[in-house]
Amino acid sequence: MTKRALITGITGQDGSFLSELLLEKGYEVYGIIRRSSSFNTDRIDHLYQDPHEPGTRLRLVYGDLNDSSSLNTILRQTQPDEIYNLGAQSHVRVSFDVPEYTGEVTGLGVVRLLEAVREAGITPKFYQASSSELYGKVVETPQSETTPFYPRSPYGCAKAYAYYITVNYRESYNMFACNGILFNHESERRGETFVSRKITRAATRIKCGLQDKLYLGNLDAQRDWGYAKDYVEAMYLMMQVEQPDDYVVATGELHTVREFLDEAFGILDLDWHEHVETDARYLRPAEVELLLGDSSKARRELGWQPKVTFKELVRLMTEHDLKLAQQESSVKQIQDDSNLAATTSTGGTRWGSVISS
């Protein structure tokens, strides 16, 4: 019998990779998207535009983590075997600007979804996307499943509520509900406002002469960076075990933002010191200096291992964004040539008179 999965946040980085993985494994996949005046499905367009199976195993439905009614309706209609809650206001720095909205979606959105499951009388497995931002001002290094939380942002606080409410529903209602405490994971599909993709996009655009400067916040922040495609595999594995539990997913390697700059700019034979400046606007009111995960439990119990190294990750992202920058440069050159031709044809005689005089 074909399994059916429901994914919130399907249009994001993790949602797109998870959709690919589940479809490869024969699932029917439903994704919740919000009604919008513009489309933001570019990360999954290749999946539901498959000419061989147009729309048969990936379907998008309208809903919102802020709207309990829509969640109840979707669950009754889709009857999922597995629910992956990846939806959130997921930008840490932005959460300081919109703390209430972050709490509504990232925190209370989880209990709305769990309550919808309970009220619908269905028994799907439930995955909650937790975050290393739970640890914040870390009390021990590395951080494991038993490390106390100390969130340092509205986003981290909302994720703490989401984590504990997931555990509470597991223990109170005997739900299969698990938390994946994922450390930083990046890819060529990462949003361009996140520091990793911001670096690779800027470095490649600088290489192609499209910009000159990159402005960043804390260059000394240390993170455990992995590849998103590896991490969604861990999500899937958590849902296949007999008993639900919570797992840290991380590489166990620590790198600074400066090291990320060294790698990305180095691939392009550029010196980032000539192009990067710090800007206080990108600093957090309460900084998280170091996040390093201990994923030994996931490796032992799930058989999970990260496959892509830090250097491979940065190269993958940089090479992808270099192609985008080259395409952008080509389009710009065509536009410049067209504008020059148009200007010359309309004003050439006047310019000629000026030059000859």
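Residues numbered from 1 in each chain as written. Predicted model: local features only at pLDDT ≥ 70, side-chain atom pairs only at ≥ 80, totals over all residues. Heavy atoms only, no water.

Let's talk about the overall build of the protein chain
Right, on to step 1. Per the secondary structure count, the protein chain includes 11 helices and 13 strands.
Right, on to step 2. Look at the contacts in the protein chain between residues 6 or more apart in sequence, and 80% of them connect residues 24 or more apart.
Right, on to step 3. Entry remark: accessible area of the protein chain is about 16,900 Å², with carbon and sulfur atoms responsible for 49%. (Helix = DSSP H or I, 4+ residues; strand = E, 2+ residues; numbered from the N terminus. Contact = heavy atoms within 4.5 Å. Areas by Shrake-Rupley, 256 points an atom, 1.4 Å probe, with all protein chains shown as cover.)

A closer look at unusual backbone geometry
Right, on to step 1. Here the residue pair Thr141 and Pro142 is connected by a cis peptide bond, since its omega of 0° sits within 30 degrees of zero.
Right, on to step 2. Assignment of secondary structure puts Pro142 in the loop between strand S5 (125-131) and helix H6 (154-173).
Right, on to step 3. Within the chain, Gln79 stands out as a residue other than glycine whose phi angle is a positive 50°.
Right, on to step 4. Note on placement: Gln79 falls in the loop between helix H3 (68-78) and strand S4 (82-85).
Right, on to step 5. Taking relative accessible area as the criterion, Gln79 reaches 41% and is therefore assigned partly exposed.
Right, on to step 6. With phi around 55°, Asn174 is a residue other than glycine that occupies positive phi space.
Right, on to step 7. Among the structural elements, Asn174 can be located in the loop between H6 and strand S6 (177-182). (Buried < 20%, exposed > 50% of the residue type's maximum accessible area, 1.4 Å probe, protein only.)

Some thoughts on the packing of H3 against helix H5 (residues 99-120)
Right, on to step 1. Viewed as axis vectors pointing N to C, H3 and H5 meet at an angle of 45°, and their least axial separation amounts to 9 Å. Classified by the angle between their axes, H3 and H5 sit oblique to one another. Judged by the twist between their axes, the crossing of H3 over H5 is right-handed. Between H3, through Ser68, Leu71, Asn72 and Leu75, and H5, the contact on the second element is made entirely by Arg112, Leu113, Ala116, Val117 and Glu119.
Right, on to step 2. Taken together, the residues of the contact of H3 with H5 sort by class into 5 nonpolar, 2 polar and 2 charged. (Axes fitted to C-alpha atoms, helices over the stretch in contact; angles between N-to-C directions. Parallel < 35°, antiparallel > 145°, perpendicular 65-115°, else oblique. Left-handed = near helix turned anticlockwise from the far one by under 90°. Nonpolar A, V, L, I, M, F, W, Y, C, P; charged D, E, K, R; others polar.)

Here we look at the nonpolar core
Right, on to step 1. Judged by nonpolar contacts, the single largest core of 58 residues is most densely connected at Leu22, Tyr84, Tyr127, Ile199, Leu261 and Phe265.
Right, on to step 2. No other element matches helix H8 (residues 228-238), which puts 7 residues into this core.
Right, on to step 3. Among the nonpolar cores identified, the runner-up in size contains 23 residues, and Leu6, Leu113, Ala116 and Ile122 belong to it. (Core = buried A, V, L, I, M, F, W, Y, C linked by side-chain atoms within 4.5 Å.)

Considerations on helix H9 (residues 257-267)
Right, on to step 1. Residues of H9 that are buried include every one of Val257, Phe260, Leu261, Glu263, Ala264 and Phe265, and no others.
Right, on to step 2. Asp269 sits one or two residues past H9 and shows a positive phi near 55°.

So, the packing of helix H7 (residues 195-207) against H9
Right, on to step 1. As a packed pair, H7 and H9 sit with axes 10 Å apart at the nearest point and diverge in direction by 35°. Our pair here, H7 against H9, has a crossing hand that is right-handed. Where H7 abuts H9, its residues Val195, Ser196, Ile199, Thr200, Ala203 and Ile206 lie against Val257, Phe260, Leu261, Ala264 and Phe265.
Right, on to step 2. Looking at the contact of H7 with H9 residue by residue, the class counts come to 9 nonpolar, 2 polar and no charged.

Structural notes on the confidence of the model for the protein chain
Right, on to step 1. Chain-level pLDDT for the protein chain is 92 on average; 92% of the residues reach the 70-or-more range.
Right, on to step 2. Here residues 349-357 scores under 50 on pLDDT; set against residues more than four positions off or in separate chains, the count is 2 contacts. (pLDDT = per-residue confidence, 0-100.)

Focus on the packing of aromatic side chains
Right, on to step 1. Enumeration over the complete set of coordinates arrives at 13 aromatic pairs.
Right, on to step 2. Judged by centre distance (6.3 Å) and plane angle (75°), the rings of Tyr27 and Tyr236 are edge-to-face. Of this pair, Tyr27 sits in the loop between helix H1 (13-24) and strand S2 (28-33) while Tyr236 sits in helix H8; the two residues are 209 residues apart in sequence, bridging distant segments of the chain. Tyr236 shares its class with Tyr27; the two are buried.
Right, on to step 3. Every member of this aromatic cluster is reached through a ring pair, and the members are Tyr135, Phe149, Tyr163, Tyr164 and Phe183.
Right, on to step 4. The ring of Phe17 has Arg189 lying over it, and the distance from NZ or CZ to the ring centre is 4.1 Å.
Right, on to step 5. Over the ring of Tyr282 we find Lys198, and its NZ or CZ is 3.5 Å from the ring centre. (Phe/Tyr/Trp six-rings, centres within 6.5 Å; stacked < 30°, edge-to-face > 60°. Lys NZ or Arg CZ within 6 Å of the ring centre and 35° of its normal.)

A few points about the pairing of strand S1 (residues 4-8)
Right, on to step 1. A large share of S1 lies buried, amounting to 4 of its 5 residues.
Right, on to step 2. One ladder, built from 5 bridges, connects S1 with S2; its direction is parallel. Counted as the bridge partner of Leu6 is Tyr30 from S2.
Right, on to step 3. Traced from S1 through H1 to S2, the parallel crossover comes out right-handed.
Right, on to step 4. Where S1 meets S4, 4 bridges bridge the pair, whose relative direction is parallel. Within S4, the residue paired with Thr8 across the bridge is Asn85. (Pairing = 2+ DSSP bridges. Right-handed = clockwise from strand over helix to strand, strands pointing away.)

Quick word on a nonpolar patch on the surface
Right, on to step 1. Among the surface-exposed residues, Val94, Val98 and Tyr101 lie close enough to one another that they form a single nonpolar patch of about 210 Å² accessible area.
Right, on to step 2. Among the residues examined, Val98 registers a relative accessible area of 32% and is labelled partly exposed. (Patch = residues over 30% accessible without salt bridge, like charges linked within 9 Å, V, L, I, M, F, W, Y side chains within 5 Å. Salt bridge = Lys/Arg side-chain N within 4 Å of Asp/Glu carboxyl O.)

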